[in-house]
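Below are the chains, spelled out letter by letter.
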Amino acid sequence: MYRILVHERIGADVYRMVIEAPLIANKRKAGQFIILRIDEHGERIPLTIADARPDMGTITLIYQVVGKTTAQLATMEIDDFLHDVVGPLGKATEVKYYGTCVCVGGGIGKAPLFPIANALKRAGNRVISIVGARGKDLIILEDELAVVSDELIVCTDDGSHGRKALVTEPLMEILERDKVDLCVAIGPTIMMKFVSKVTEPYGVRTLVSLNSIMLDGTGMCGCCRVTVGGVTKFVCVDGPEFDGHQVNFDQLIKRLNTYTDHERRSYERWTKRKEQDWEARRERLCRLEAEIAKVKSHE
């Protein structure tokens, strides 16, 4: 069992959770992830480790409510326990001195991007970070990324914060003005696809962290398979990072949509049960109040 020490909302449907997991905290490296279950009947979901404190025995997870399990996760409180947390999983980011590194994060991808940008900066690289979201309320970790970046560019689709632009626009400007030695892109699959398309003509090595469907996280189930350079790879054990110029993004996007209807129905069933539970509690409270009032009337 893994105790929740911190649980806070940091953006629109985005939460930060710190949990006790000393063995994982001691082993974790930038780019790795965990798989958790809320309870013994729960779905297994992968989440990147956004930060770790080996001295405190804790890891930090940042997630966005997008379905039943993350919605349920958002209802948990400090001192509650998660049933399972397995990790660290996946291959760590290859951190070394490259020169100039551009780190591009979209949506919730800014959470796994932060430890990578931090590690690259510690290795002596010049780090330029570009982060984007639909609006200001979805920009997270801006201050943290500013600390570990030599330059930080913020973009929003609606222009509510930073530049009104897609992340590919400032990326192209940087590629035109600077010699870039490495690009790391993490975020929505479609964003990573187009970042890879932008960097390819410039011959810039581009790493993308894939968020495929995943079950066991050890390469046994095959759910997370993806085609890279014409070869089948498993995101959980061969990744999650791959050469963005070699990933078959169109196939990956199709696979990500495989269970869309199942996920929607699961969320609707959970929401209905939650509403029924609240209604049952309200009825019990009303009965209790009526009984108390009855007793007082006889006093």
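You'll find the structure just up there.
Presented here is a report on the structure given in the accompanying data block. (Residues numbered from 1 in each chain as written. Predicted model: local features only at pLDDT ≥ 70, side-chain atom pairs only at ≥ 80, totals over all residues. Heavy atoms only, no water.)

What to know about the sheet that holds strand β6 (residues 81-82)
Reading across from one edge, β6-β1-β2-β5-β4-β3-β7 is the order of the 7 strands in this open sheet, with antiparallel pairing throughout. Since the sheet does not close on itself, it has two edges, and those belong to β6 and β7 (84-89), each with one partner. In terms of strand pairing, strand β1 (residues 2-11) meets β6 through 2 bridges, oriented antiparallel. Bridge pairing in β6 places Tyr 2 opposite Leu 82. Set on the sheet, helix α3 (residues 110-122) makes contact with β4 (45-53) and β5 (58-64); between it and β4 the angle comes to about 40°. (Pairing = 2+ DSSP bridges. Helix = DSSP H or I, 4+ residues; strand = E, 2+ residues; numbered from the N terminus. Contact = heavy atoms within 4.5 Å. Axes fitted to C-alpha atoms, helices over the stretch in contact; angles between N-to-C directions.)

Some remarks on the side chain of Asp 84
Mapped onto the secondary structure, Asp 84 falls in strand β7. A distance of 2.6 Å separates a polar atom in the side chain of Asp 84 from a polar atom in the side chain of Arg 37. Leave out the neighbours within four places in its chain, and Asp 84 touches Tyr 2, Ile 35, Leu 36 and Arg 37. (Polar contact = N/O pair within 3.5 Å; in protein donor to acceptor, adjacent residues only side chain to side chain.)

Comments concerning helix α5 (residues 168-177)
Within α5 the residues assigned to the buried category are Pro 170, Leu 171, Ile 174 and Leu 175. On an axial view of α5, the arc spanned by its buried residues comes to 145°, and they lie on one face. Those residues of α5 that are buried are in contact with β8 (100-106), β9 (126-133), β10 (151-156), β11 (163-164), β12 (182-186) and α6 (189-199). (Buried < 20%, exposed > 50% of the residue type's maximum accessible area, 1.4 Å probe, protein only. Arc of directions from axis to C-beta.)

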